[in-house]
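Fold and geometry: a report
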Amino acid sequence: MELAAALGTTQSGGVIMAAIAAVFTIGHVARMLSEDEDWLFDLSIDMFPEDGCLWVYGVGEDGVPAFTEYGIECLRQIIADEKAAGHGPPVKPPK
């Protein structure tokens, strides 16, 4: 904040945030974390942009959740909390 204030780039009461350089789709995150994608979707419903969860839309798509690096860390904590409480992902029958 001091550097930005010294350069005169902030407004009174403004907050400086780092720019988001990349987001990772929920499918990619599920593979990274070796977790069920549907379960992660359910866990992410209450996450907001300030938690690092965004919706990404493409041509002809309804949109998918995507996570910043911070969002993945938040999701990891939610997963740990859920598993500690005995609420793991649902067991799917074998194909």
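All values derive from a computational prediction rather than experimental measurement.

For the rest of this paragraph, the subject is the packing of aromatic side chains. The description of an aromatic ring pair rests on the distance of the ring centres and on the angle between the ring planes. Counted according to the given criterion, the structure contains one aromatic pair. Ring centres of Phe41 and Trp55 lie 6.2 Å apart, and the angle between their planes is 85°; this geometry places the pair in the edge-to-face category. In this pair, Phe41 sits in helix H3 (residues 37–44) while Trp55 sits in strand S2 (residues 53–56), placing the two residues 14 residues apart along the sequence. The partly exposed category is assigned to Trp55, whose relative accessible area is 45%.

Let us now look at the nonpolar core. In a soluble, globular protein the nonpolar side chains are often hidden away together inside. Grouped together as the largest cluster of nonpolar side chains are 14 residues, with contacts concentrated most on Val29, Leu40, Leu43, Met47, Phe67, Leu75 and Ile79. Those elements giving two or more residues to this core turn out to be helix H2 (26–33), H3 and helix H4 (69–84). Setting aside its immediate chain neighbours within four residues, Val29 contacts Phe24, Leu40, Phe67, Ile72 and Leu75.

This part is about the side chain of Asp36. Here Asp36 is to be found in the loop between H2 and H3. Within the structure, the side chain of Asp36 is placed 2.9 Å from the backbone nitrogen of Trp39, a separation counted as a polar contact. Residues contacting Asp36, with those up to four places away along its chain left out, are Ala30, Pro89 and Lys92.

Before going further, it helps to examine unusual backbone geometry. In this structure, Ser34 takes a positive phi of about 55° despite not being glycine. Of note, Ser34 is situated in the loop between H2 and H3.

Turning to the pattern of salt bridges, a few remarks are in order. Applying the stated rule across the entire model yields two salt bridges. A salt bridge links Glu35 to Lys83; the shortest N-O distance between them is 2.6 Å. A residue pair is termed long-range when its members are at least 10 positions apart, and Glu35 in the loop between H2 and H3 and Lys83 in helix H4 qualify at 48 residues. Judged by its relative accessible area of 16%, Glu35 falls in the buried class. Of the charged contacts in the structure, one is a salt bridge between Glu73 and Arg76, with a shortest N-O distance of 3.2 Å. Note that Glu73 and Arg76 are positioned in helix H4 at a spacing of three residues, about one turn of the helix.

Thresholds, definitions, all that
- Residues numbered from 1 in each chain as written.
- Predicted model: local features only at pLDDT ≥ 70, side-chain atom pairs only at ≥ 80, totals over all residues.
- Heavy atoms only, no water.
- Phe/Tyr/Trp six-rings, centres within 6.5 Å; stacked < 30°, edge-to-face > 60°.
- Helix = DSSP H or I, 4+ residues; strand = E, 2+ residues; numbered from the N terminus.
- Buried < 20%, exposed > 50% of the residue type's maximum accessible area, 1.4 Å probe, protein only.
- Core = buried A, V, L, I, M, F, W, Y, C linked by side-chain atoms within 4.5 Å.
- Contact = heavy atoms within 4.5 Å.
- Polar contact = N/O pair within 3.5 Å; in protein donor to acceptor, adjacent residues only side chain to side chain.
- Salt bridge = Lys/Arg side-chain N within 4 Å of Asp/Glu carboxyl O.

Take it as geometry only, folks, not as evidence of what the structure does.
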